[in-house]
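Working through the structure, step by step
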Amino acid sequence: MAWKAVCAKFTNAQQLSDVESRTDPENDPFRSKYKARELLTEIYCSLKNFEAGDGEEHDDGETSDDSRAGLRAARLAAVEYYLGVNHVDTEELSAGQEHLMNCMKHLGKCRVSSENVSLFIHVRNQLGILWAGRDETEKSQGFLETAESIYQRYMKEVHLFELAYTHTLYYLAQVYQYFGENERAANYCYSTLQRQLQLNQFNPMEWALNAATLSQYYITKGQYMEGRHCLAAATVISGLAGEVPSEAAAQESEAERDRREQLKQKRSEIARCWIKYCLNLLRDAKKLLEDNIGELDTDRQDELRRARRREEEEEGRKQALLFGSEDTFDSIASVEEKVSYLFPLDFTEARAIFLVGQNYVNQAKEHFQMDGFVTDHIEILQDHSALFRALAFFEEDVERRCKMHKRRVDMLEPICNDLNSQYYLLIRRQLMFELAETYNEMMDLKLTLANRQEDSQSLDNHTIKKFNHLCSASAKYFQMFLDSLCSPEGKIPEHLEEDVLRPALVARFRVARLHSKLISSSPPVQLDNLNKALENYKYVVQYCEAHPEAAAAAETELELSKEMVGLLPLKINRLKARMATNN
């Protein structure tokens, strides 16, 4: 077979594999891939049957035997590579591995050069992916790191295989993440994304989602400047995908309907990453500023303000990441300016971050609606509630703090009560516990307000009624959480699973505390409340005695429960004696 015929057949095989395979029917999804394989097999047989250079018009007959042998090996290696990829694509992994390893053997007879170095990298990338898919991560890492070293050795000489190297970095990022080397994984992920921009080889929405995902790593490390930069870049690059098709256009065309759904979903996912950014920034600031009882420490606040001024005078910290090109730098900077990366130190600064987060909550809910996206919708509501909780820490006015917590109740309570426990038990438990804690916080705030009155002993009936309502509501949701752990017959579990151990013990402790705080002028009601409190305190103590390993999960609650188990019987006996005397 003449060389030109071989080249034509190879072009046909590529067309079948890369283009026509996209329209293969569902009942024969690999039809074009199999046709391409037949052509590649024919090409391989042809190459085996004639010497390198046969049929090539430009061969001057002066090529050395070593060069001819190297060229022939490189061509055979290339065909083996494409056969390997073909078999992997059709899910025949063992055959794919065999062809890829044959490719490596042929390449072993060649000297690495500008003409074949891309193949040296690509085959190792493919083997890296193959072994990673089998959870053989160390083997995968070996192939990928070799591909990286080949690139670094030849990068100064050639620029023909930049995309292959970009793939190497991408696969290495995944391998290092598997090994828990998150910092290295993040660095490789950043390098991949930046190279894709430089080479203009990227899908805007995929790139944006990857950048938004990378932001979450920097956020968890407290590197908010870098996290914000990733998210701003994600927002700008996602805009390159164009406008979301209208509902009318989506109804007329299936392609437009799919595009509309894809764009809405991915942009909503980026919005959710922004929510996490704002939420974590507020939470981390709260951790820095709170004292040992969870209130704002003004001395620490002043100290952090001074530290911020010093950093500003020293021109601040330099950004470790920089995405973009001349076309996008300004747009990314413009998005960054809309939200700070600095820890908020007062209510005004915290509110600015809260409002940005709330804006993204509304964006995310547009796509992730309750009808069709139950879990996602509720997670977004929980984040919205958490934003209010974090903001409430910075609010000095107790009444306004109460109103923020009331907003949390209003958004979560209807959902919790409407959810079907059979399908959404874990989510309902989360909501029950959060509602119980929210009512508990509101109760504590009302108590703080009551204690500020001149005569705390003479609370008016309205205040007592409000306080008892909050107390009872908190106890109700804690009890609902505890009841959800029981068997269908209502039996309390003898052993609490690790994932519910601490929440269950804390719920028991809180129910006890809440019953002891209920205000009543009726001695029989007081007695009933104290007995219920004692019963729950005893449960915490007795469970930890029966399961000593559980003590570490609720040390503070256990210590206080032991104390109350000693004190409450005395209080109960005094009340009984008083009731007997009055009778």
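Definitions and limits used
- Residues numbered from 1 in each chain as written.
- Predicted model: local features only at pLDDT ≥ 70, side-chain atom pairs only at ≥ 80, totals over all residues.
- Heavy atoms only, no water.
- Salt bridge = Lys/Arg side-chain N within 4 Å of Asp/Glu carboxyl O.
- Helix = DSSP H or I, 4+ residues; strand = E, 2+ residues; numbered from the N terminus.
- Buried < 20%, exposed > 50% of the residue type's maximum accessible area, 1.4 Å probe, protein only.
- Phe/Tyr/Trp six-rings, centres within 6.5 Å; stacked < 30°, edge-to-face > 60°.
- Lys NZ or Arg CZ within 6 Å of the ring centre and 35° of its normal.

1. Examining the pattern of salt bridges
Oppositely charged side chains are able to pair whenever their charged atoms sit close together. Under the defined criterion, the tally for this structure stands at 24 salt bridges. Notably, a salt bridge pairs Arg272 with Glu379, separated by 2.8 Å at the nearest N-O pair. With Arg272 in helix α12 (residues 254–289) and Glu379 in helix α16 (residues 374–394), the pair connects residues that are 107 residues apart, well separated along the chain. Judged by its relative accessible area of 34%, Glu379 falls in the partly exposed class. For Asp410, the salt bridge is made with Lys406, and the minimal N-O distance between the two is 2.7 Å. With Asp410 and Lys406 both in helix α17 (residues 398–418) and 4 residues apart, the pair spans about one turn of that helix. Taking the relative accessible area as the measure of exposure, Asp410 reaches 42% and is therefore partly exposed. By relative accessible area, which is 36% here, Lys406 ends up partly exposed. Connected through salt bridges with shared partners, the residues Arg389, Arg408, Glu434 and Glu441 form a single ionic network.

2. Observations regarding the packing of aromatic side chains
In this description, a pair of aromatic rings is defined by centroid distance and the angle of the planes. As enumerated under the stated definition, the model contains 16 aromatic pairs in all. With centroids separated by 5.2 Å and ring planes inclined at 80 degrees, the aromatic side chains of Tyr81 and Tyr82 adopt a geometry described as edge-to-face. The exposure class of Tyr81 is buried, given its relative accessible area of 8%. Overall, Tyr82 belongs to the partly exposed group, its relative accessible area being 30%. Judged by centre distance (5.3 Å) and plane angle (90 degrees), the rings of Phe368 and Phe373 are edge-to-face. Assessed through its relative accessible area of 3%, Phe368 is described here as buried. Three or more aromatic residues joined by ring pairs make a cluster, and in this case those are Tyr224, Trp274, Tyr277, Phe343 and Tyr360. The ring of Trp131 is capped by Lys139, whose NZ or CZ atom sits 4.2 Å from the centre of that ring. Against the face of Tyr539 rests Arg508, its NZ or CZ located 4.0 Å from the ring centre.

These figures come from the coordinates and say nothing about function on their own.
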